[in-house]
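# Structural description and commentary
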Amino acid sequence: MNSVVRPFAIDRQVNSTDFRGAMRQLTGGVSVITAGHGSDISGMTVTSVSSLSVDPPALIVSINRGASSWPLLQRCGFFGVNILTSDQIDIAERFTGKDGLKGAERFAGAEWTTRASGVPLLIGALAAIDCEVEEIIERHSHAIVIGRVLDLQLSTRTAALAYWQGQYVAIDRDEDAIKLAEVSVPCSRG
């Protein structure tokens, strides 16, 4: 690991409550990360998925190493990224683990399929992406998982589920474009 030489030290710690409040200002797309095969499956809700590269197709996800799904993802070496639609709040909530459900119990009430790796992928998600773990970088409480895309399926749906300021928010490409057009101020031409 490269170290950075700083000309001076800053003696200030940001407390976790303030940092969490700051991060709530960042709107994140809601995804369910899935791992495992057969009845040995689990998953978790995350807002930390991002594209890494197009060539080859790869993405990154930040995962809490204390999550019940983390050991399974590490052991299997494959995972699914299921980008949720605005009407899949119930699935997002189920995979948070708040209700005490673990493992295969979280998958009840939705339709799942598999692709190349065999991990569960959500039928009806905006996108369901099948990934192979390329690298895991462990830092602090989380791990950055780099996944190479093996396969994917796309939906024709246009409304995404986002998370902002501690709440789920629907973002609809078509409806929101109409709303913006209604309130926009026309340019004056001179």
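The following paragraphs examine the structure supplied in this document. (Residues numbered from 1 in each chain as written. Predicted model: local features only at pLDDT ≥ 70, side-chain atom pairs only at ≥ 80, totals over all residues. Heavy atoms only, no water.)

## Some points on the overall build of the chain
The number of helices and strands found in the chain is four helices and twelve strands. Projected onto the principal axes, the alpha-carbon positions of the chain cover approximately 65 × 55 × 40 Å. The burial tally for the chain puts 31% of its 190 residues in the buried class. Put simply, 63% of the contacts in the chain that link residues at least 6 apart link residues at least 24 apart. For the chain, the accessible area works out to roughly 11900 Å², and carbon and sulfur atoms hold 54% of it. If you average the places of the 17 positive and of the 21 negative side-chain charges in the chain, the two averages end up 6 Å apart. (Helix = DSSP H or I, 4+ residues; strand = E, 2+ residues; numbered from the N terminus. Buried < 20%, exposed > 50% of the residue type's maximum accessible area, 1.4 Å probe, protein only. Contact = heavy atoms within 4.5 Å. Areas by Shrake-Rupley, 256 points an atom, 1.4 Å probe, with all protein chains shown as cover. Lys, Arg positive; Asp, Glu negative; His and termini not counted. Charge placed at Lys NZ, Arg CZ, Asp CG, Glu CD.)

## Describing a nonpolar patch on the surface
A grouping of Val14, Phe19, Met23 and Leu26 is seen on the molecular surface, where their side chains present a nonpolar patch of about 430 Å² in accessible area. Along the chain, Leu26 falls in the loop between helix 1 (16-23) and strand 1 (28-29). You can call Leu26 exposed: its relative accessible area is 60%. (Patch = residues over 30% accessible without salt bridge, like charges linked within 9 Å, V, L, I, M, F, W, Y side chains within 5 Å. Salt bridge = Lys/Arg side-chain N within 4 Å of Asp/Glu carboxyl O.)

## Observations concerning the sheet that holds strand 5 (residues 57-64)
Reading across the sheet, the seven strands line up as 3-2-6-9-10-5-4 and stay open at both edges, with antiparallel pairing between neighbours. Each of the sheet's edge strands pairs with one partner strand only, and the pair in question is strand 3 (40-46) and strand 4 (49-54). Pairwise comparison of adjacent strand axes, ignoring direction, gives a mean angle of 30 degrees for this sheet. When strand 6 (residues 78-83) meets strand 9 (residues 127-139), the two strands line up antiparallel, connected through six bridges. From the neighbouring strand, Gly80 faces strand 9, where its bridge partner is Asp130. (Pairing = 2+ DSSP bridges. Axes fitted to C-alpha atoms, helices over the stretch in contact; angles between N-to-C directions.)

## A word on the environment of Asp151
Within the fold, Asp151 resides in strand 10 (residues 142-154). Given the relative accessible area of 26%, Asp151 is considered partly exposed. Along the backbone, Asp151 and Ile10 are 141 residues apart, and their C-alpha atoms lie at a distance of 46 Å. Leaving out residues up to four positions away in the same chain, Asp151 has contacts with Arg115, Ala116, Ala128, Ile129 and Asp130. A distance of 3.0 Å separates a polar atom in the side chain of Asp151 from a polar atom in the side chain of Arg115. (Polar contact = N/O pair within 3.5 Å; in protein donor to acceptor, adjacent residues only side chain to side chain.)

## Points about the pairing of strand 3
Along strand 3, five of the seven residues are buried, which leaves the element largely enclosed by surrounding structure. Summarising the sheet, strand 2 (residues 31-37) and strand 3 pair through seven bridges and their orientation is antiparallel. If you follow Ile33 over to strand 3, its bridge partner there is Met44. The hairpin formed by strand 2 and strand 3 contains two residues between the paired strands, and Gly38 there has a positive phi angle of roughly 60 degrees.

## Considerations on the packing of aromatic side chains
One pass over the structure, following the stated rule, counts four aromatic pairs. Ring centres of Phe107 and Trp112 lie 4.8 Å apart, and the angle between their planes is 65 degrees; this geometry places the pair in the edge-to-face category. For Phe107, a relative accessible area of 6% gives the class buried. Ring geometry for Tyr163 and Tyr168: centres 5.2 Å apart, planes at 65 degrees, overall edge-to-face. Pairwise contacts between aromatic rings join Phe95, Phe107 and Trp112 into one cluster. (Phe/Tyr/Trp six-rings, centres within 6.5 Å; stacked < 30°, edge-to-face > 60°.)

Purely geometric numbers; function is a separate question.
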